[in-house]
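This is what each chain is made of:
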Amino acid sequence: MSGGTDSSVAAILLREQGYEVVGVTFRFLPTEAMDVAIKLAASVAARLQIEHYVVDAVEAFSVEVIDYFMEEYMKGRTPFPCTRCNERMKWPLLFGYASKLNCDYVSTGHYVRIVSEDGSSLLAMGKDKDKDQSFFLWPLLDWPLQRILFPLGEMSKDEVKACAEKKGLRQVSKQKESIGLCFCPNDYRPYLSKILVERKREIASGYFFDEKGKIVGVHRGYPFYTVGQRRGLGLQLNSAIYVKEIEPETNKVILAPHSSLYKKDFKVRAVRFPYRHYMGDKRLWVRIRYRKQYTPCMLEWLEGDSMKVILDEPLDAIAPGQTAVFYCDDMVVGGGYIE
């Protein structure tokens, strides 16, 4: 229970469906906003007359998510902390606490569904396609989906807000939607600079190069740029230019016109793809950005847990470190990190 509308309504609906519900809130950040969220979650739990636990996970979150965030930029990649958090923090903690409390199921307020096919449970997109969160949840393919409940999967956001108001949770229903990362909701660069100083890591300025190897300007340091970036380069050039590639070993940032950012294939690492039979006779699609580009593809296994993605149509700005999620119709059949 995050203290927000979605998890609060999820708890209400589960109670109405006859489940015995226990609320758990994880403290991931030592911030005032986190304290407010915990108080809201506790007030909802009290209203529903359910047990509520607060689990301190600040230290683990710092290691598993914030350090990862920093190290990915230091490796010249663009991290995806929300998926990392689901992979290393939220769901392991949820299942761990479910075992501790002898709970049969775990549940959250995500806009996704669990569907059955041939006796198996599959992760599927939420009914509200504008709010669908399946793109962030492919790590769930490692967990027993039959033990997960998503009460909001068949609902729209407007229906959820209306339910919250109807149940008297007016304060919760009026909350603003969270946007961006929970620990740095706006531009990541000031926050990255701060934690690099705290961890005594230094960043040196370097040079922008064009595709031919010509120096075209000076940059602040390669971690402050991402593949596909156009704004904030600090250059005055005659044509639109984008970050095409980042070389951390040499502190080079390669710039190019937008047309040079398109690729027909890319590699993915740390792949979860438990449905091997989908690779042969099923039409698969890949998404590399939330709410964008739902592109037909073919997949080819490489060594270990790596995979080659071959696209029907070229995609631009395929950034190393970001997430690639694979779908068959509206079902999530795999995912991994772009290499």
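Just above, that's the structure.
1. Comments concerning the overall build of the chain
Along its length, the chain carries eight helices and 16 strands. For a compact globule of 339 residues, the expected C-alpha radius of gyration is about 20 Å, and the chain comes in at 22 Å, within 12% of that figure. Judged by the C-alpha coordinates and their principal axes, the chain covers about 65 × 50 × 35 Å. Here the chain holds 339 residues, and 50% of them are scored as buried. For the chain, the share of sequence-separated contacts (at least 6 apart) that also reach a separation of at least 24 residues comes to 66%. A total accessible area of about 17,200 Å² is found for the chain, and carbon and sulfur atoms account for 49% of it. Positive and negative charge centroids in the chain, built from 47 and 44 side chains respectively, lie 4 Å apart.

2. With respect to the packing of helix α3 (residues 58-74) against helix α7 (residues 188-198)
The contact between α3 and α7 brings their axes to 11 Å, and the two run at 100°. In terms of their interaxial angle, α3 and α7 are classed as roughly perpendicular. The segment α3 lies against α7, with I66, F69, M70, Y73 and M74 engaging Y188, Y191, L192, I195 and L196. Residues of the contact of α3 with α7, tallied by class, amount to 10 nonpolar, no polar and no charged.

3. Concerning helix α2 (residues 32-48)
In a regular helix each residue adds 1.5 Å, so 17 residues correspond to 24 Å; α2 covers 25 Å between its end C-alpha atoms and thus fits that length. Considered for burial, the residues of α2 that qualify are M34, A37, I38, L40, A41, V44, A45 and L48. Projection of α2 onto a plane perpendicular to its axis shows the buried side chains occupying an angular sector of 160°, all on one side. Residues of α2 that are exposed and point more than 90 degrees away from the buried face comprise E32, K39, A46 and R47. With its phi angle positive at about 60°, Q49 sits one or two positions after the end of α2.

4. Concerning the nonpolar core
The biggest cluster of nonpolar side chains holds 81 residues, and the ones touching the most others in it are F69, F183, F266 and F326. Counting residues per element, this core draws most heavily on α3, which supplies eight residues. Those residues in contact with F69 that lie beyond four places of it in its chain are P79, P81, L181, F183, C184, Y188, Y191, L192 and I195. By size, the runner-up hydrophobic cluster in this structure holds 20 residues, among which are L14, V21, M155 and L169.

5. Things to note about the packing of aromatic side chains
For the structure on display, the rule yields 24 aromatic pairs. Between W91 and F150 the ring centres are 6.1 Å apart and the planes differ by 70°, which places this aromatic pair in the edge-to-face class. On the criterion of sequence distance, the pair formed by W91 in helix α4 (residues 81-100) and F150 in the loop between β6 (148-149) and α5 (157-166) is long-range, its members being 59 residues apart. Neither residue differs from the other here; W91 and F150 are each classed as buried. With 5.5 Å between their ring centres and 65° between their planes, Y294 and Y327 make a pair best called edge-to-face. Of the two residues, Y294 sits in strand β13 (residues 292-301) while Y327 sits in strand β15 (residues 323-328), which places them 33 residues apart along the sequence. One aromatic cluster is present, built from ring pairs that chain together F26, F28, F61, F69, Y73, F183, Y188 and Y191. The ring of F224 is capped by R220, whose NZ or CZ atom sits 4.3 Å from the centre of that ring. Taking NZ or CZ as reference, K252 lies 4.8 Å from the ring centre of F209, over its face.

What counts and what doesn't
Residues numbered from 1 in each chain as written. Predicted model: local features only at pLDDT ≥ 70, side-chain atom pairs only at ≥ 80, totals over all residues. Heavy atoms only, no water. Helix = DSSP H or I, 4+ residues; strand = E, 2+ residues; numbered from the N terminus. Rg over C-alpha atoms; globule rule 2.2 N^0.38 Å. Buried < 20%, exposed > 50% of the residue type's maximum accessible area, 1.4 Å probe, protein only. Contact = heavy atoms within 4.5 Å. Areas by Shrake-Rupley, 256 points an atom, 1.4 Å probe, with all protein chains shown as cover. Lys, Arg positive; Asp, Glu negative; His and termini not counted. Charge placed at Lys NZ, Arg CZ, Asp CG, Glu CD. Axes fitted to C-alpha atoms, helices over the stretch in contact; angles between N-to-C directions. Parallel < 35°, antiparallel > 145°, perpendicular 65-115°, else oblique. Nonpolar A, V, L, I, M, F, W, Y, C, P; charged D, E, K, R; others polar. Expected span 1.5 Å × (residues − 1). Arc of directions from axis to C-beta. Core = buried A, V, L, I, M, F, W, Y, C linked by side-chain atoms within 4.5 Å. Phe/Tyr/Trp six-rings, centres within 6.5 Å; stacked < 30°, edge-to-face > 60°. Lys NZ or Arg CZ within 6 Å of the ring centre and 35° of its normal.

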